[in-house]
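Chain by chain, the residues:
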Amino acid sequence: PMVKDQESLDMQTLTKIDSNKIILLAEDSKPITKSMQVLLERLGLRYYSFPNGKDLLNYLHNERNISSIGAVITDLEMPVVSGFEVLKQIKESDEYKHLPVIVNTSMSSESNISLAKSLKADAFLTKLKPVELEFELRKALGVQV
């Protein structure tokens, strides 16, 4: 209960981010997805959420207007295609490598942090830290931090 109370307190301090960019979210946990959606809505951001990395990558490959995407938030451990693979494919692609990728995961071991950083993650957060996520999204979207 303590964590939930702190999380809702943190949610109350969030302020809208003035951006028309779309955030792509890959997360397989329904409760975390719901929390993330509430957070993104509180920040006033448009988003699309996907239950795994494969669906997010398929969307990205079919999106004609890449400039409309502001950032990608991905979990690491997901079915079908992992967040590591999402990160790798985005950062190795000339078309997508400019997209900021924020890793948001409960898998916060040193090896996971190192691997995510070696794959060029723009930020690594442990679930669910609303204030830190707001900071990273502002940075990714180029809106005052």
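Preceding block: the structure.
The notes below deal with the structure included here.

Parameters at a glance
- Residue numbers run consecutively from 1 along every chain, following the written order of its sequence.
- Per-residue local features of the predicted model are confined to residues with pLDDT of at least 70, and side-chain atom pairs are confined, for both listing and counting, to 80 or more; whole-chain, interface and lining totals are unaffected and use all residues.
- In computing side-chain properties, one takes all heavy atoms of the structure into account and sets aside hydrogens as well as water.
- Axis lines are fitted to C-alpha atoms, over the contacting stretch for helices. Their N-to-C directions set the angle, which ranges from 0 to 180 degrees.
- The way it works is that DSSP assigns letters per residue, a run of H or I at least four long becomes a helix, a run of E at least two long becomes a strand, and they are numbered from the N terminus.
- Throughout this description, any angle smaller than 35 degrees is read as roughly parallel, any larger than 145 degrees as roughly antiparallel, any in the 65 to 115 degree range as roughly perpendicular, and the remainder as oblique.
- Two helices crossing with the near one rotated counterclockwise from the far one by less than a right angle form a left-handed crossing, whereas a clockwise rotation gives a right-handed crossing.
- A contact between two residues is defined here by any heavy atoms of the two lying within 4.5 Å.
- Here the rule is simple: two strands pair whenever DSSP picks up at least two bridges between them.
- Each nonpolar core is a collection of buried residues, namely Ala, Val, Leu, Ile, Met, Phe, Trp, Tyr and Cys, held together in the definition by side-chain atoms within 4.5 Å.
- Using a 1.4 Å probe on the protein chains alone, a residue whose accessible area is under 20% of its type maximum counts as buried, one over 50% counts as exposed, and one in between counts as partly exposed.
- Here the arc refers to the directions that run from the helix axis out to each C-beta atom.
- Polar contacts here mean pairs of N or O atoms no more than 3.5 Å apart (in protein, one a potential hydrogen donor and the other a potential acceptor; neighbouring residues in sequence count only if both atoms are side-chain atoms).

1. Focus on the packing of helix H3 (residues 53–62) against helix H4 (residues 83–91)
Here is step 1 of the chain: At a minimum axis distance of 9 Å, the contact between H3 and H4 shows a crossing angle of 20 degrees. Taken together, the axes of H3 and H4 lie roughly parallel to each other. Considering how the two elements wind past one another, H3 and H4 form a crossing that is right-handed. Where H3 approaches H4, its residues Gly53, Leu56, Leu57, Leu60 and His61 are matched on the opposing element by Val86, Gln89 and Ile90.

2. A look at the sheet that holds strand E4 (residues 101–105)
Here is step 1 of the chain: Ordered in space as E2-E1-E3-E4-E5, the five strands form an open sheet in which the pairing is parallel. Each edge of the open sheet carries a strand with a single partner, namely strand E2 (46–50) and strand E5 (123–126). Averaged over all adjacent pairs, the angle separating strand axes in this sheet is 20 degrees, with direction ignored.
Here is step 2 of the chain: Strand direction decides the pairing type here: strand E1 (residues 22–26) and E2, joined by five bridges, are parallel. Among the inter-strand pairings, isoleucine 23 is bridged to a residue of E2, identified as tyrosine 47.
Here is step 3 of the chain: Strand contacts of H3: E1, E2 and strand E3 (69–74), with the helix running at about 150 degrees to E1, the strand carrying the most contacts.

3. Regarding unusual backbone geometry
Here is step 1 of the chain: Phi is positive for valine 80, close to 70 degrees, though the residue is something other than glycine.
Here is step 2 of the chain: If you trace the backbone, valine 80 turns up in the loop between E3 and H4.
Here is step 3 of the chain: We note that lysine 120 has phi near 75 degrees; this positive angle belongs to a residue other than glycine.
Here is step 4 of the chain: Here lysine 120 lies in the loop between helix H5 (110–118) and E5.

4. A few points about the nonpolar core
Here is step 1 of the chain: Counting 25 residues, the largest nonpolar core has Leu24, Leu56, Leu60, Val72 and Ile90 as its most contacted members.
Here is step 2 of the chain: Breaking this core down by element, the ones donating at least two residues are E1, H3, E3, H4 and E4.
Here is step 3 of the chain: Per-element accounting of this core gives the leading share, four residues, to H4.
Here is step 4 of the chain: Beyond its immediate sequence surroundings of up to four residues, isoleucine 90 is in contact with Leu56, Leu57, Leu60, Val72, Tyr96, Lys97, Leu99 and Val101.

5. Considerations on H4
Here is step 1 of the chain: When H4 is considered as a whole, its buried residues turn out to be Gly83, Phe84, Val86, Leu87, Ile90 and Lys91. Considered in projection along H4, the buried side chains sweep an arc of 160 degrees and stay on one side of the axis.
Here is step 2 of the chain: Its buried side turned inward, H4 meets H3, E3, E4 and H5.
Here is step 3 of the chain: A distance of 3.3 Å separates the backbone nitrogen of phenylalanine 84 from a side-chain oxygen at the start of H4, and that oxygen is part of serine 82.

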